[in-house]
Amino acid sequence: MQASCAAGSPGNEWIFFSADERNTRSRKTMSNGALLRCVVLSTFILLRAVTGFSGDGRAIWAKNPHLSPVNASQLFLYDTFPKNFFWGVGTGAFQVEGSWKTDGKGPSIWDHFIQTHLRNVNSMGGSSDSYLFLEKDLSALDFIGVSFYQFSISWPRLFPDGIVTVVNAKGLQYYNVLLDALALRNIEPVVTLYHWDLPLALQEKYGGWKNATMVDIFNDYATYCFQTFGDRVKYWITIHNPYLVAWHGYGTGMHAPGEKGNLAAVYTVGHNLIKAHSKVWHTYNRDFRPHQKGWLSITLGSHWIEPNRSENMMDVIKCQQSMVSVLGWFANPIHGDGDYPEVMKKKLLSILPPFSEAEKEEVRGTADFFAFSFGPNNFKPLNTMAKMGQNVSLNLRQVLNWIKLEYDDPRILIAENGWFTDSYVKTEDTTAIYMMKNFLNQVLQAIKFDEIGVFGYSAWSLLDGFEWQEAYTTRRGLFYVDFNSEQKERKPKSSAHYYKQIIKENGFTLKESTPDLQGHFPCDFAWGVTESVLKELGDLVKLWVTINEPNRLSDIYNRTSNDTYQAAHNLLIAHARVWHLYDRQYRLTQRGAVSLSLHSDWAEPANPYVDSHWKAAERFLQFEIAWFADPLFKTGDYPLAMKEHLASRNLRGLSTSVLPRFSPEESRLVKGTADFYALNHFTTRFVMHEQLSGSRYDADRDVQFLQDITRLSSPSRLAVMPWGARKMLGWIRRNYGDLDVYITANGIDDQALENDRLRKYYLEKYVQETLKAYLIDKVKIRGYYAFKLTEEKSKPRFGFFTSDFKAKSSVQFYNQLISSGGFPSESSKPTCSQTLRSTECTICSLLLQKKPLIFFGCCFVSTVVLLISITMFRRRKRRKFWKAKNLQNIPLKKGHSRVLS
């Protein structure tokens, strides 16, 4: 039956007519609405045809332009993973075992590939030597506290020639010892049968995976493993990332066996890998699952990609095609309908091997869960995937959503995830922490918000090892291994400490900030808005700031540090003289206060597991804030920490920077010349220790900044970290005592011209932390000034008003915040302005209702007061008269005369 579009049904539903019915209606005129619906349907059919009717994954790229940037489902999620979540770590046999020709092990295609293609690599005799130091691997597992260990069995270590005949006893003993040790530790093994190390004999005799004979040979090998190890293994992976096996092994030649240029061979290899997996699944399902009660899958790897223009249908189609041609290549036959995606069959018609109908039935559904790999091997080198002109992305949450929509919401095991560091990085792998944090939180968001059935996560990898075409130039381990050492000690990296903490807490607990607080600021609290120019002078001003942010001189004096320090010295002296001038001539009459305003962003160690990062964070605060605050509020001199650090650098020949000296007179002049602490606070910086070369201003501090990609941030990359403001205020109180504190600037740039939701969120959270500092930490905060009133053209949008003076929605929000005096509870007493207004209204109502009575009362009181006054006056006059008369009868001494008043 052919379909056409029709209108007229009450609910505007789609109605399908037969060809005859359509002919009888052809003369009727279609309405504009019906025509539009036909266009939509045609587009839908076209899209389905292009993407191969492969599911609804394309919906992932539908962006909601009205989605708030501070929507809770998009922010970092502080929550825990489901109970009994499967936490693990993984390795590949060829990467970590070493001993490539020890105890009867046969050579693999990678042993040969190193000798022929990676000649700059010395040998594979060392690696991490897990074959020799198994106990050290087990201790590393104990340290992290995993619930499963994902490892692969080296096929040529069990069967040197690849054919299942007589097993290599030493190899068998190694894996038996490993499995028994895991059982004693209650660590679940997840065993991969094939992680790329094909016995070289099979490559030389059959051409490797190009030959369909490999399907049965692989099944024999898997059957032996099920028989031998299946009593202790409940989770099996047949093949790790078959896409890379086929594409890099036979397409680009970057992986063993190193063949390239033959696309037909690439897809033949992929075809045989799928059939080999399928056959093994059926073998396990038929012969072993009934009594071993295990599960089996295949690990599929992929990238993720975003359209250049989310509103452009062709860009979205290209993204869908990109995912289908990589992940869908293997996922669609196994997790889908048993066949390749339509887009692949049409594009690769002459070289893509077909599945017969029987083979489709054989392949379809041969996975008990979706094992997914998302890591650098899927992204580097760049020719790993077909980008189709779109943008590669690391959004793990989005690709999990795509899998859910495309493959009917499967249970998912993240079987490989992580990132890499350079070879020189030892245990301070700070970047790896943030990558792990980002990926893990995306998984948590996918579970909590998107209801995706992720049941486990495998961090990759346990140890540093051989990284395929990268050899030893990159590292991916949670544990550092010195490959040149004899004992190959496993040293936990920062990422190992971090992952251990995540497992222990089963997710992300909210440690940085306490829950929101209800309460308000005092009645005389100063609320305001900062602007660049104020024209109030003299007795109209009660708070004076002499210099704004003198501690940000690096933007001006960037030639040498000594220029910067001398300029700062002169500014301090100038400020002190102005303070004394005001104190001497104006304070008594104007009753104001004078200070300067310091840029005071908070600093956190980028890597909390490294002592040098904690020291760098404190050093940043000393060089950024104490530099000016110590002379004013404490000693009349520069911080000792600054002087000692600069002296140390000079001794080591790293710089020639010297702080100017305060003379005794200058020290007395400067000390105490600030009536309050004024700070401009915008964000929190993550800092690490780093010795920088050259004469740049930051070089004296030996700090480097790191951007936390998991944080909400503004267009100018200001991280929104409200708890940093409270920590900053606490630091000021601890270092400088109970000063009056004014936040003279606090704000964020927001691109929105009307509904600036990011700014409202920022204001709410930062004022909330300020309130906690006031009520809980007892910081004497006297005022808060939001930055700023109006924005400037061609600059970050910080203003409450646009450059043409149009108000944004944050104006009303801030007004309400001021009116409430903070965050009072519904049951609390009215704020100061509300109490005054309520009292005034009560008096007005009383005057209106009781006006006659009040008038009579006033007259009566006035009359009584007048009568009392007259009476008292007359009595006083009579007393004086009689007193004077009585005095005339008193005799006087000789020589005295009488004086009458």
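Residues numbered from 1 in each chain as written. Predicted model: local features only at pLDDT ≥ 70, side-chain atom pairs only at ≥ 80, totals over all residues. Heavy atoms only, no water.

As a further point, take the overall build of the protein chain. Of the regular secondary structure elements, the protein chain holds 28 helices and 25 strands. The buried share of the protein chain, taken over its 901 residues, is 52%. Put simply, the protein chain shows about 43,000 Å² of open surface, and 55% of that area lies on carbon and sulfur atoms. (Helix = DSSP H or I, 4+ residues; strand = E, 2+ residues; numbered from the N terminus. Buried < 20%, exposed > 50% of the residue type's maximum accessible area, 1.4 Å probe, protein only. Areas by Shrake-Rupley, 256 points an atom, 1.4 Å probe, with all protein chains shown as cover.)

With that settled, consider the nonpolar core. Counting 216 residues, the largest nonpolar core has Trp 155, Trp 209, Phe 372 and Tyr 499 as the members making the most contacts within it. The element best represented in this core is helix 21 (residues 611-633), accounting for 12 residues. In this structure, Phe 86, Tyr 235, Phe 369 and Ala 415 belong to the second largest nonpolar core, which totals 10 residues. (Core = buried A, V, L, I, M, F, W, Y, C linked by side-chain atoms within 4.5 Å.)

Attention shifts here to the packing of aromatic side chains. For the coordinates displayed, the defined rule picks out 78 aromatic pairs. When the centroid spacing of 5.2 Å and the interplanar angle of 90 degrees are considered together, the rings of Phe 374 and Phe 379 count as edge-to-face. As far as burial versus exposure is concerned, Phe 374 and Phe 379 are alike and both buried. Clustering of aromatic rings is evident, with ring pairs tying together Phe 370, Phe 372, Phe 374, Phe 379, Trp 402, Tyr 407, Trp 419, Phe 420 and Phe 439. The ring of Phe 420 has Lys 380 sitting right over it, with the charged end atom 3.8 Å from the ring centre. The cationic tip of Arg 685 hangs over the ring face of Phe 705; the distance from NZ or CZ to the ring centre is 3.8 Å. (Phe/Tyr/Trp six-rings, centres within 6.5 Å; stacked < 30°, edge-to-face > 60°. Lys NZ or Arg CZ within 6 Å of the ring centre and 35° of its normal.)

Pairing within the open sheet is mixed, and its 3 strands lie in the order 19-21-22. Two strands bound the open sheet, and with one partner strand each, they are strand 19 (602-605) and strand 22 (703-706). On average, each strand axis in the sheet is inclined to that of its neighbour by 45 degrees, with strand direction left out of account. As judged from the 4 bridges shared by strand 19 and strand 21 (residues 684-689), these two strands associate in the parallel manner. Its bridge partner lying in strand 21, Pro 605 is registered against Val 687. (Pairing = 2+ DSSP bridges. Axes fitted to C-alpha atoms, helices over the stretch in contact; angles between N-to-C directions.)

In terms of residue burial, strand 4 (residues 235-240) counts as a mostly covered element, since 6 of its 6 residues are buried. In this sheet, strand 4 lies alongside strand 3 (residues 188-194) in parallel orientation, the contact comprising 4 bridges. Looking at strand 4, one finds that Val 190 is bridged to Tyr 235. In the sheet, strand 4 pairs with strand 5 (residues 295-301) via 4 bridges, with the strands oriented parallel. Paired with His 240 across the strands is Thr 299, a residue of strand 5.

Now for the environment of Ser 130. Within the secondary structure, Ser 130 is located in the loop between helix 4 (109-117) and helix 5 (134-144). As for Ser 130 and Glu 97, which are separated by 33 residues in sequence, their C-alpha atoms are 4.3 Å apart. Contact partners of Ser 130, with chain neighbours within four places excluded, come to Val 96, Glu 97, Asp 137, Tyr 174, Leu 463 and Arg 490. (Contact = heavy atoms within 4.5 Å.)

A word on the packing of helix 5 against helix 7 (residues 169-184). Two elements in contact, helix 5 and helix 7, have axes whose closest approach is 11 Å; the angle formed by their N-to-C orientations is 25 degrees. Relative to helix 7, the element helix 5 lies roughly parallel. The way helix 5 lies across helix 7 gives a crossing that is right-handed. Packed against helix 5, whose contacting residues are Leu 134, Leu 138 and Leu 141, the element helix 7 presents Tyr 174, Val 177, Leu 178, Ala 181 and Leu 182 at the interface. When grouped by side-chain class, the residues that make up the contact of helix 5 with helix 7 number 8 nonpolar, no polar and no charged. (Parallel < 35°, antiparallel > 145°, perpendicular 65-115°, else oblique. Left-handed = near helix turned anticlockwise from the far one by under 90°. Nonpolar A, V, L, I, M, F, W, Y, C, P; charged D, E, K, R; others polar.)

Across all of its chains, the model carries 7 cavities of 30 Å³ or more by this definition. A volume near 130 Å³ is recorded for the largest cavity. Residue assignment for the lining of the largest cavity shows that the elements contributing at least two residues are helix 17 (430-448) and strand 11 (454-460). Take the lining of the largest cavity: its biggest share by element is 3 residues, from helix 17. Classifying every residue of the lining of the largest cavity by side-chain character gives 8 nonpolar, 5 polar and 4 charged. (1 Å grid on protein atoms, 1.4 Å probe; cavity = no way out; pocket = protein on both sides within 12 Å on 5 of 7 lines; lining within 4 Å. Points joined across faces, edges and corners; volume = space filled by probe spheres on them.)

In this section: the confidence of the model for the protein chain. Mean pLDDT over the protein chain: 87, with 83% of residues reaching 70 or higher. For residues 1-53, every residue scores under 50 in pLDDT, and the model assigns this stretch 48 contacts once sequence neighbours within four places are set aside. Within the model, pLDDT remains below 50 along residues 693-697, and this stretch shows 11 contacts once partners closer than five positions in the same chain are excluded. (pLDDT = per-residue confidence, 0-100.)

Right, let's get into the pattern of salt bridges. Applying the stated criterion to the full structure yields 49 salt bridges. Notably, a salt bridge pairs Arg 649 with Asp 702, separated by 3.0 Å at the nearest N-O pair. Pair noted here: Arg 649 is in helix 22 (residues 640-651) and Asp 702 is in the loop between strand 21 and strand 22, with a separation of 53 residues, a long-range link. Neither residue differs from the other here; Arg 649 and Asp 702 are each classed as buried. (Salt bridge = Lys/Arg side-chain N within 4 Å of Asp/Glu carboxyl O.)

As a further point, take the side chain of Thr 430. Turning to its location among the elements, Thr 430 is positioned in helix 17. Here the side chain of Thr 430 touches Asn 607 through a polar contact of 3.1 Å, side chain to side chain. (Polar contact = N/O pair within 3.5 Å; in protein donor to acceptor, adjacent residues only side chain to side chain.)

On to helix 13 (residues 313-335). The terminal C-alpha atoms of helix 13 lie 26 Å apart, and with 23 residues this falls more than 12% below the ideal 33 Å at 1.5 Å per residue. At Gly 328, helix 13 shows its largest bend, some 70 degrees. With 20 of 23 residues buried, helix 13 lies mostly within the body of the structure. Its side-chain oxygen placed 3.0 Å from the backbone nitrogen of Met 314, Asn 312 serves as the N-cap of helix 13. (Expected span 1.5 Å × (residues − 1). Bend = angle between axes of the 7 residues up to and from the residue.)

Let us now look at the environment of Gly 301. Assignment of secondary structure puts Gly 301 in strand 5. Assessed through its relative accessible area of 4%, Gly 301 is described here as buried. Here Gly 301 is in contact with Asn 241, Val 326, Leu 327, Phe 372, Ser 373 and Asn 378, once residues within four sequence places are set aside.

Further remarks concern the side chain of Glu 406. Relative to the helices and strands, Glu 406 is located in helix 16 (residues 396-406). No salt bridge forms around the buried Glu 406; measuring N to O, its nearest opposite-charge neighbour Arg 58 is 5.3 Å away. (Lys, Arg positive; Asp, Glu negative; His and termini not counted.)

Summarising burial for strand 11: 7 of the 7 residues are buried, a large majority. Summarising the sheet, strand 1 (residues 86-90) and strand 11 pair through 5 bridges and their orientation is parallel. The residue bridging Val 89 from the neighbouring strand is Ala 459, located in strand 11. As judged from the 4 bridges shared by strand 9 (residues 412-417) and strand 11, these two strands associate in the parallel manner.

Strand order around the closed barrel formed by 8 strands is 1-2-3-4-5-7-9-11, with parallel pairing between neighbours. Averaged over all pairs of adjacent strands, the angle between strand axes in this sheet comes to 25 degrees, irrespective of strand direction.

Turning our eyes to something else, we now look at the packing of helix 10 (residues 242-250) against helix 11 (residues 263-287). Relative orientation of the contacting elements helix 10 and helix 11 amounts to 155 degrees, with a least axis distance of 9 Å. Between helix 10 and helix 11, the interaxial angle falls into the category roughly antiparallel. Here helix 10 and helix 11 pass one another in a crossing that is right-handed. Contacts from Pro 242, Val 245, Ala 246, Trp 247 and Tyr 250 of helix 10 reach helix 11 at Leu 263, Val 266, Tyr 267, Val 269, Gly 270 and Leu 273.

This paragraph deals with unusual backbone geometry. Only a minority of non-glycine residues have a phi that is not negative, and only a minority of peptide bonds are not trans. Residue Pro 257 is reached from Ala 256 by a cis peptide bond, and omega for that bond is 10 degrees. That bond from Phe 787 to Lys 788 is cis: its omega, 0 degrees, falls within 30 degrees of zero. One non-glycine residue, Asp 702, adopts positive backbone phi at about 55 degrees. Of note in this structure, Lys 778 is not a glycine but carries a positive phi near 60 degrees. Tracing the chain through its elements places Lys 778 in the loop between helix 25 (757-775) and strand 24 (781-787).

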